[in-house]
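Geometric and topological summary
Each chain is listed here by its residues.
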Amino acid sequence: MRLVLVGPPGAGKGTQAQYIASNLSIPKISTGDIFRANVSGGTDLGKLAKTYMDRGDLVPDKVTIAMVRDRLSEDDAQDGFLLDGFPRNVAQAEILRDMLKDWGQALDLVLELVVDDDEVVRRLAGRRTCSQCGRIWHVEFDDKQDDRCDACGGTLFQRDDDKEDTVRHRLEVYQEQTSPLIAYYADEGILVGVDATGPVEEVTQRAMEAIRPFMG
Ligand code: ADP
Ligand code: ADP
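Residues numbered from 1 in each chain as written. Chains lettered and ligands numbered in written order. Predicted model: local features only at pLDDT ≥ 70, side-chain atom pairs only at ≥ 80, totals over all residues. Heavy atoms only, no water.

Surveying the vicinity of ligand 2 reveals 18 residues, the closest of which are G10, T15, R127, W137 and G198. T15 places a side-chain nitrogen or oxygen 2.6 Å from an oxygen atom of ligand 2. Measuring from a nitrogen atom of ligand 2, one finds a side-chain N or O atom of R123 at 3.5 Å. With the chains in place, 92% of the 560 Å² that ligand 2 exposes on its own is no longer accessible. At the level of secondary structure, the elements contributing two or more residues to the shell around ligand 2 comprise α1 (13-24), β6 (136-138) and α9 (200-211). (Near = heavy atom within 4 Å. Polar contact = N/O pair within 3.5 Å; in protein donor to acceptor, adjacent residues only side chain to side chain. Areas by Shrake-Rupley, 256 points an atom, 1.4 Å probe, with all protein chains shown as cover. Helix = DSSP H or I, 4+ residues; strand = E, 2+ residues; numbered from the N terminus.)

In structure tokens form, the structure reads like this:
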């Protein structure tokens, strides 16, 4: 299964990606996570990406695509993958299509996580990430008062780009650059929308029901 998750920042892509990828036994490939790992590791890629991420802008396509090409070339991605956060504009989508075609592959399905703006802002404002295992929490919805990860005991932090000003800009970037992907994949006939409101487990259930008809 070759799957892409799209939706605005805060829609729950990362949260759902963990469960969907584990249900389907495919690797979850999150470009945001790979960039953040490079920032923490102080690599050249991380230094470059950080200037864009801090502003809430997209990292240039050339850099992002090279990184995704490398990751998709790894052994574990040959029989399927779940992309979270890539593609993020039509140019990336076109290059992804051509890259997969060269390898005799194609996307099976693009799942759009649908939530309204108010909910997105609420989710982003309370998002916390574990510095150790990367798990995603929410201060209010998961009742996290103690800044400790229930899964591994690591310390939780708030992403710099989840502060209010940057969030506003990221939502604009989504509208302008990423949302055209919805029409692009609808035209290709592989887009399915999933209602991403309500409890996490219910959203996962809806997503799995949407995926089932596309499984080989
Ligand atoms: P969110 O989970 O809020 O949607 P991500 O973790 O996916 O955010 O991305 C964080 C940041 O990493 C983005 O704002 C952007 O700067 C960069 N980034 C992630 N994926 C891409 C991509 N496909 N193209 C360009 N930049 C990206
Ligand atoms: P994205 O990757 O799309 O930016 P995340 O998966 O990081 O989104 O989720 C953003 C925030 O919303 C996180 O704090 C997460 O715990 C929370 N969240 C995700 N799904 C739900 C849900 N169904 N109900 C309530 N909160 C959610």
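Next comes the rest of the description.
Below, the discussion takes up the packing of helix α2 (residues 31-41) against helix α3 (residues 44-55). For the pair α2 and α3, the least separation of the axes is 8 Å and the interaxial angle reads 115°. Between α2 and α3 the crossing geometry is left-handed. Between α2 and α3, the residues in contact are G32, F35, R36, N38 and V39 and L45, G46, A49, K50 and M53, respectively. The class makeup of the residues in the contact of α2 with α3 is 5 nonpolar, 3 polar and 2 charged. (Axes fitted to C-alpha atoms, helices over the stretch in contact; angles between N-to-C directions. Left-handed = near helix turned anticlockwise from the far one by under 90°. Contact = heavy atoms within 4.5 Å. Nonpolar A, V, L, I, M, F, W, Y, C, P; charged D, E, K, R; others polar.)

Here the focus is the UniProt feature "binding site: Zn(2+)" (unreviewed entry) in the protein. Those residues carrying the UniProt feature "binding site: Zn(2+)" (unreviewed entry) are C130, C133, C149 and C152 in this numbering. Spatial clustering of the annotated residues is evident: they stretch over 23 residues in sequence, but the largest pairwise C-alpha distance comes to 8.5 Å. Mapped onto the secondary structure, C130 falls in strand β5 (residues 127-130). Assessed through its relative accessible area of 3%, C130 is described here as buried. With respect to the helices and strands, C149 occurs in the loop between β6 and β7 (156-157). We classify C149 as buried; its relative accessible area is 3%. Not counting residues within four places of it along the chain, the set of residues in contact with C149 comprises C130, C133, R135, W137, G154 and L156. (UniProt positions renumbered as here; feature names shortened; annotations may be inferred. Buried < 20%, exposed > 50% of the residue type's maximum accessible area, 1.4 Å probe, protein only.)

This paragraph deals with the pattern of salt bridges. One pass over the structure, following the stated rule, counts 21 salt bridges. The partner of E164 in a salt bridge is R168, and the shortest N-O contact between them spans 3.3 Å. One end of the pair, E164, and the other, R168, are both in helix α7 (residues 164-178), 4 residues apart, so they sit about a helical turn from each other. Looking at E164, the relative accessible area reads 60%, which means it is exposed. (Salt bridge = Lys/Arg side-chain N within 4 Å of Asp/Glu carboxyl O.)

This brings us to the site of ligand 1. Surveying the vicinity of ligand 1 reveals 19 residues, the closest of which are T31, R36, D57, G85 and R170. Here a nitrogen atom of ligand 1 and a side-chain polar atom of T31 are 2.8 Å apart. One of the side-chain N or O atoms of R159 is found 3.2 Å from an oxygen atom in ligand 1. Out of a free accessible area of 560 Å², ligand 1 has 96% covered by protein chains.

Over its 13 residues, helix α5 (residues 90-102) runs 18 Å from end to end, which matches the ideal 18 Å to within 8%, given 1.5 Å per residue. Contacts from the buried residues of α5 go to α4 (61-72), β3 (81-84) and α8 (180-188). Capping of α5 at its N-terminal end is provided by N89; its side-chain oxygen lies 3.3 Å from the backbone amide nitrogen of A91. A positive backbone phi angle near 70° is found at G104, which sits one or two residues after α5. (Expected span 1.5 Å × (residues − 1).)

As a packed pair, α5 and α8 sit with axes 9 Å apart at the nearest point and diverge in direction by 35°. Mapping the contact onto sequence places V90, A93, E94, L96 and R97 in α5 and P180, L181, Y184, Y185 and E188 in α8. Across the contact of α5 with α8, the residue classes break down as 7 nonpolar, no polar and 3 charged.

A word on the UniProt feature "binding site: AMP" (unreviewed entry) in the protein. Within the UniProt annotation, "binding site: AMP" (unreviewed entry) is assigned to T31, R36, D57, L58, V59, G85, F86, P87, R88, Q92, R159 and R170. Annotated residues spanning 140 residues; largest pairwise C-alpha distance 24.6 Å, indicating distribution over more than one region. Relative to the assigned elements, D57 resides in the loop between α3 and α4. Residue classification places D57 among the partly exposed residues on the basis of a relative accessible area of 25%. Relative to the helices and strands, P87 is located in the loop between β3 and α5.

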